[in-house]
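The lines below spell out each chain.
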Amino acid sequence: MIWKLVHFSALLLGALTSPTPSSAPNNTDEGPCLIDNSGHTADCLGKQLESVPWRQFPSTLEEIDLSYNKLQAIHADDFLHLPQLHILKLQFNNISYIDNDAFKNNRLLEHLNIFNNSLQEIPATALIPLVNLKELYMSNNLYKHATLADSFSKFVKLQVLSMGGPLVMGLKKADFQPLKNTRLQGFAIKCSSNLSYYEPGSLEAIQTNQMGFDMAIDQLPNALLHMLRDLANKTFGVIQFRNLFEFTYYTGEEDIFQGLQDVTAGQVIFHRGKFNENLLRMALMNLQIAPIKRLRLQYIDFARSATFVDSGAGSSITDLALDNLDLWYISNPDVLRFDWRFTWLNKIKKLSIQYVYFNSVPCDSWIEMVGVQLLDVSNNRLENEYIFNQRCQYKGAMPNLHTFNMNNNDLTSLKDVSSLTREFQQLQVLDVSNNKLGSAKNSRDCVWQKNINRFIAHHNQFESEALRCLPTTVHYLDLSYCELDQLDMTYFEKATSLKELLLSGNKIKFIPSKWKSPSMQSLALDGNSFGLISKESFQDMPQLSRLRAGNNPYHCTCELHAFVEDTVSKGKVNLTDWPWNFRCYHPEAFLNTFISKYLPSRVACDIRLVIIISVATTAAVILILMMICYIFDLPWYTKATYQIIRAKYRAHKEKLAGEVGTFTYHAFISYSHSDADWVRDQLLPCLENNRNPYRLCIHERDFMPGRWIIDNIIDNIENSRKVIFVLSRHFVNSEWCNYELYFAQQRAMGKTFSDVILVVKEPIDPSSLPSKYCKLKKMLSTKTYLEWPQQVNQQAFFWSQLKSVLGKPTMTREGAHSIKSRTSSVGAISVIAPPVEDRPEIAAPNADREEEPNIEIIKEDNDEQLNQRQIPLAAF
């Protein structure tokens, strides 16, 4: 606000340039100036030019900036070929001459700035063609008078005019007569610092909304009386006096401000200059009765009056009714105490005291400011004891104060601030930003006015515990840039009316998951240090509609993705800085990636889906394994392998006990019970009843009674050089034959299958074999086998082939019986009870073969059961 009005005051004097061109130049043709692509603007600012580079200018130019150069003259052909020219800036050069025809072809020119040059005369003739001129800045030149030519009466569109210079010694009544019919928006006149004369009526012809005087009346104080009379009965928006007394303080007794009571203005500004107590009192006494509602003193050099005497009587300023009183950048804080009774403050509505650097507030001043609604004491380096005096009685003070601004000071104690303001019954807005508040030590036992609904405390140094000292009645709370590293939920649980919270630029490391704030509508968390944010963080904020949470070191996780997706898709909460301020910080692979482009798969983020897929996959694998087991009969193979391992283990134990195993038999015969007759009647006699007999093992005769069946099978297969399988349909259906085939295959692993001899007793289709006979299928399709011929004349060749495969019989370790006794004593062998049909029943009498009895039943082989191949039975 301050700088905006300072800018206005300088603009009235022509010290500032017009607004910057809207299109920035970016084309550099040959020459010093920058011409934009459209050919409408030329930027020649500060190029050290001594003449106008008119050859470079295209005829389409509408705006030229030639300010801050070394131009000395404007010639007739400089702008002759620019009929479209609207804006011409020539300020801050050294122009002393302007040709009378300099602007004859620039009739569209609206803005001309020749401020701060060396012109000795107003270029009235050169300006005649500019009938469309709206803004003319020609002050601060070397004119010796301010008289306008009659041609100025033709500038009917003129809105802003600044004129004069340091050599203008005074004003005459006829100087501005050509403007008597022109209604201006702004008029500024500059005269010498040593004003020599002022003719009454010099300003009567001026009609303007904003009036600016830059003239010092040190040597002619009474000139102010005449100027104010010339302004009487007129209405102004702003009247500004600059450097009214530039070198000396006014010591006269005459009231030179008495004409103010007849001036109607929205605001009076005293900019720079010297004021003492007497002059300030004169101004304020006249403002009491003047129709002026706003007063500003800025950059004033204030001093006590040597001749001022306080009689002790009542103050003469008791009725200063102003909407605004601004005291800015005043060199001496005594300006606040020029009247110790402070009655001059009791009817001020908005009081602003900035950059005055006062260090105490008398107790009486609080009582007198009964009408103040807004008090602004920012930018004064105030400390706790300066503004809060424990000896003062604040009860009933500031009864109408609505807004209290104490930002940019050196306050450290929230408790002192609360003690000062607790009696301000109407206080609603409190600004303590840019201080040093927030230490836990100085933030205890705070009692606040219950009407406070807006608390502004950004740029302080808050500890988390200090939050408990904040007012809980607020609707708006600004704690941005307060170095907070965590949030104290105790405060937010009590602040049930909080609607808008600003926590930007802190060091908050995490957002609590159970943040309850039923009234919260807007929340700012941008620029902190937390990396995780989730839907649960704000689920207890049902009214939340605006959230700013960018510029945090986010960990791009499924939880964050779920929060963003839910927030953006539902649209209930508006992420005001999405997506440009949301970037990944972790993991490193996603560093600086926009979170809007972080799109993890649904499987990676949905735990329910992961569980479903895992369960389904596991079930499918189990089902497939079950099918594989069923198709390839894996349980059977597993069971058989287990039996092999057990048998091997038992054999190992026996070997440790001293038993040594060698080949006992030339061949082990595996056959079905249904093929037993063929084995006894054909196979055994042919191979055993020879001069060089083969020693063969068959279960009926050679299995050891009392031993486990599996042990007998495995041991005898291991003790046999060859294994002969008698294949038939009955063999395929025999469970024990399947075991024997499997054990023989296991025996052959790591060797060749030459130890296995296949004798096909009757034709078998390999494709009809069950799946568990996959090895047998492969052997039948890849290994040469012997077929038992049905024709008798071919059987002799069969036996020759079989003996050839078995090889020549060699001596083996003799068993407990001779070959002869074994072949002739079939009818007298003691055996254990046989199965009903085949060896599967030997292992177990029940159909499922889940259990096998461990009972040995020994019978004499003197009846028909001898033909059923009885073998030992033991628990398996």
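Quick look at the structure, then. Just so it is clear, the structure is predicted and the values come from calculations on it, not from any experiment.

## A short note on the overall build of the chain
And step 1. The helix and strand inventory of the chain stands at 21 helices and 38 strands.
And step 2. Within the chain, the fraction of its 876 residues that count as buried is 51%.
And step 3. Taking the intrachain contacts of the chain between residues at least 6 apart in sequence as the baseline, contacts between residues at least 24 apart amount to 68%.
And step 4. Carbon together with sulfur atoms contributes 51% to the accessible area of the chain, which is approximately 41000 Å² in total.

## Thoughts on the packing of helix H13 (residues 676–688) against helix H19 (residues 792–806)
And step 1. Contact geometry for H13 and H19: axes closest at 11 Å, N-to-C directions at 65°. In terms of crossing hand, the pair formed by H13 and H19 is right-handed. In contact with Trp678, Gln682, Leu683, Cys686 and Leu687 of H13, H19 contributes Phe798, Trp799, Leu802, Lys803 and Leu806.

## Looking at the state of the cysteines
And step 1. Summed over all chains, the structure comprises four disulfides.
And step 2. A sulfur-sulfur distance of 2.0 Å marks the disulfide that ties Cys33 to Cys44. Here Cys33 and Cys44 share a disulfide; its torsion about the S-S bond, 115°, makes the bridge right-handed. Of this pair, Cys33 sits in the loop between helix H1 (2–12) and strand S1 (34–35) while Cys44 sits in the loop between strand S2 (41–43) and strand S3 (63–65), and the two are 11 residues apart along the sequence. One exposure class covers both Cys33 and Cys44, and it is buried.
And step 3. A sulfur-sulfur distance of 1.8 Å marks the disulfide that ties Cys363 to Cys392. Here the disulfide of Cys363 and Cys392 is left-handed, its torsion about the S-S bond being about -75°. One end of the pair, Cys363, is in helix H5 (residues 363–368); the other, Cys392, is in the loop between helix H6 (384–387) and strand S22 (403–405), with 29 residues separating them in the sequence.
And step 4. A residue is classified by how much of its surface remains accessible, and Cys392, at 9% relative accessible area, is buried.

## Brief notes about the nonpolar core
And step 1. Counting 177 residues, the largest nonpolar core has Leu112, Trp366, Ile387 and Phe404 as the members making the most contacts within it.
And step 2. It is helix H4 (residues 277–287) that contributes the most residues to this core, six residues altogether.
And step 3. Look past the residues within four positions of Leu112 in its chain and what remains in contact with it is Leu88, Leu90, Phe103, Leu127, Leu130, Leu133, Glu135, Leu136 and Tyr137.
And step 4. If you look at the next biggest cluster of nonpolar residues, it comprises 29 residues, including Tyr665, Ile717, Leu758 and Leu780.

The rules behind the values
Residues numbered from 1 in each chain as written. Predicted model: local features only at pLDDT ≥ 70, side-chain atom pairs only at ≥ 80, totals over all residues. Heavy atoms only, no water. Helix = DSSP H or I, 4+ residues; strand = E, 2+ residues; numbered from the N terminus. Buried < 20%, exposed > 50% of the residue type's maximum accessible area, 1.4 Å probe, protein only. Contact = heavy atoms within 4.5 Å. Areas by Shrake-Rupley, 256 points an atom, 1.4 Å probe, with all protein chains shown as cover. Axes fitted to C-alpha atoms, helices over the stretch in contact; angles between N-to-C directions. Left-handed = near helix turned anticlockwise from the far one by under 90°. Disulfide = S-S within 2.5 Å. Core = buried A, V, L, I, M, F, W, Y, C linked by side-chain atoms within 4.5 Å.

Shape descriptors only; they carry no functional weight alone.
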